[in-house]
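Examination of the molecular architecture
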Amino acid sequence: MEVDHPEPLPDTQETPSTPTLKRPQEGETDDAASATKRAKPNSLEPAAGEAGECGDVASEKADERGDGKKGQKQKGKKGKDKEYVRTRRRGTLPEGEDARTSDSGEPKAPRLPKRPCALLIGFCGDGYNGMQIQPDPRVRTIEGVLFEALIKVGAVSQDNSDNPTKVKLGRAARTDAGVHAAGNVVSMKLITAIPGVQDLVAKINQELPPEIRLWSIIRVQNSFNARTTCDSRKYTYFFPSYLMIPPKPQSGLWNTLKTQGAECTPHPFWNDAEPAATTQDDLKRKRAYRIAPEQLASLREAAKKFEGSHNFHNFTVGRDFRDRSCQRFLKSIEVLDPAVYGDTEWIAVLLHGQSFMLHQVRKMISALVLSCRTGTPPQIIEEMYGPRQVFVPKMPALGLLLEYPIFESYNKRVASVNAKLQPGDPEYRAPIDFEVHRAQLDEFKQNFIYAKMRSIEDQYGIFDGWIRSIDSYAGHDLEYLNPKGIIPQSAVIKRGEFRANPFREKKRFDATSFPVGGGDAAAAGSLEGEESSEEEETLLSFDKEELADLEG
């Protein structure tokens, strides 16, 4: 074996070291290479096209690897000589704009800086498969349409147009298919200074359909994440007050209440019904129904049972009592005074919570309505926070609206920074506040959300179809609706155990978009055969990240 002896150093002003035949040990190579470079400053010249700081660093690293100098013969894997050619570091670009070319050889547009931003948007979810963008471009989502608009105006470069994760796309609240939002926040890195574009918000709105609106773009701190930075969310659920009419005599739920010991005195609404009345006749009279003050008071009393921190495992799917993530905090819930629109009286329930799990709001309102219309004591809601699992049907998706997310902690943080700045300063960060767009939000809700919601209910009677599916059920799953306000063993669900006659929800009530010209009769006739098992969702396997992404 040949031993490479270090070359003797030339005479310098420094004290020469004693030469040795010993092979350099690990850790001494850097010193030897550095000494050689100090002694021979002109022995290594930068390669063509490279100069300055990269040249010296690359040479030093080449010496450390034993790659040698440019043009030096090196041994390959099979012992053959090969010539070492230095290439530029991966991820770097040659100097000059002409070097930016696409795969086809055409020059690319110059890169424009991206800035972390919060996009305040509102949308009507009718006809969309939810908020979150999907890998399949054929799946129409709110974020997918928004992302395409941003690409068209140049706010997202062509380099980043193939993958939203490149610009760190995220959202404050993920809404299900068909669910509306007066306000939501999308966070991402955005090109805000586009040549020739004076008003970026107006330009983007020109590319968006009218049911999706961009309220503003706010420059945020680098650490901002729409979901994790959000402190709380506000939702509103709307339903016709005729849902408070007690079950029809001799219906399945009526008989269940009787077996549970309830005094089932026929409600005056049913006493006035004609013996040969059809479901359409009943619906016409239901729309003229107005809630009694006593019922409204019972709704408000029961709603207060939701406030505070509780285990909401019975108000979602895919989680059980032992899952600590089911512990949620509801800041407030308010049942507003009823209001009449057209022939129907509507009730709105406002919910303000830190975060909501999948289907949580719809199941909470369902438990509230069903307990009050059957005379079940409000304590049944507290019973549902316990370890026993019960089935709570979902209210129709049609009535759900995300008002807007709230960023109280973030706003306080930027306020302390802004105290020493002016709005025009580069480091100034505006707070995220939807209330500054209150007039626009109200107009949008009235024209694109409320009007469509009422029109669908008037045409299809969705809420009437839902309550009839509840009243027709004669199994054990709803036996927690009783005058004692306790959960009987017969209503407890044990995962994996067979249940005779389980409640089957209708897929129709998860929809908010319906074919034109169907009418009430078509809606009523199509309810049969559209069953969707709660167990199908309960048995779905979600990891923690997927469950968190399903929250809103």
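Structural notes, computed from the coordinates. Computed from a predicted model, the values in this text were never measured in an experiment.

On to the side chain of Thr175. Looking at the secondary structure, you find Thr175 in the loop between strand E4 (170–171) and strand E5 (180–190). What Thr175 contacts, discounting residues up to four positions off in sequence, is Phe123, Gly130, Met131 and Leu402.

Turning our eyes to something else, we now look at the nonpolar core. Counting 130 residues, the largest nonpolar core has Leu119, Val185, Met188, Phe239, Phe306, Ile432 and Tyr480 as its most contacted members. Sequence-distant contacts of Leu119, defined by excluding residues within four places in its chain, comprise Leu146, Leu150, Asn184, Val185, Val186, Met188, Leu190, Leu214, Ser216 and Ile217.

Bringing a positive patch on the surface into the picture now. On the surface, a cluster of positive charge is contributed by Arg111, Lys114, Lys168 and Lys189. On the secondary structure map, Lys189 appears in strand E5. Residue classification places Lys189 among the partly exposed residues on the basis of a relative accessible area of 31%.

Before going further, it helps to spend a moment on the pairing of strand E7 (residues 232–240). Counted residue by residue, E7 has eight buried out of nine residues, so it is predominantly covered. Pairing analysis gives six bridges linking E7 to strand E12 (residues 400–406), with the strands arranged antiparallel. Bridge assignment links Arg233 to a residue of E12, and that residue is Pro405. When E7 meets strand E11 (residues 344–353), the two strands line up antiparallel, connected through eight bridges.

Further remarks concern helix H6 (residues 252–259). Buried within H6 we find Gly252, Leu253, Trp254, Thr256 and Leu257. Looking one or two places after H6, you find Gly261, whose phi comes out positive at around 95 degrees.

Per the stated rule, a full pass over the model turns up 24 salt bridges. The partner of Arg468 in a salt bridge is Asp464, with the nearest N and O atoms 3.1 Å apart. Highlighted residues: Arg468 and Asp464, both in helix H14 (residues 462–471), separated by four residues, approximately one helical turn. Among the charged side chains, a network of salt bridges with common partners joins Glu403, Glu435, Arg438, Asp442 and Lys445.

What counts and what doesn't
Residues numbered from 1 in each chain as written. Predicted model: local features only at pLDDT ≥ 70, side-chain atom pairs only at ≥ 80, totals over all residues. Heavy atoms only, no water. Helix = DSSP H or I, 4+ residues; strand = E, 2+ residues; numbered from the N terminus. Contact = heavy atoms within 4.5 Å. Core = buried A, V, L, I, M, F, W, Y, C linked by side-chain atoms within 4.5 Å. Buried < 20%, exposed > 50% of the residue type's maximum accessible area, 1.4 Å probe, protein only. Patch = residues over 30% accessible without salt bridge, like charges linked within 9 Å, V, L, I, M, F, W, Y side chains within 5 Å. Areas by Shrake-Rupley, 256 points an atom, 1.4 Å probe, with all protein chains shown as cover. Salt bridge = Lys/Arg side-chain N within 4 Å of Asp/Glu carboxyl O. Lys, Arg positive; Asp, Glu negative; His and termini not counted. Charge placed at Lys NZ, Arg CZ, Asp CG, Glu CD. Pairing = 2+ DSSP bridges.

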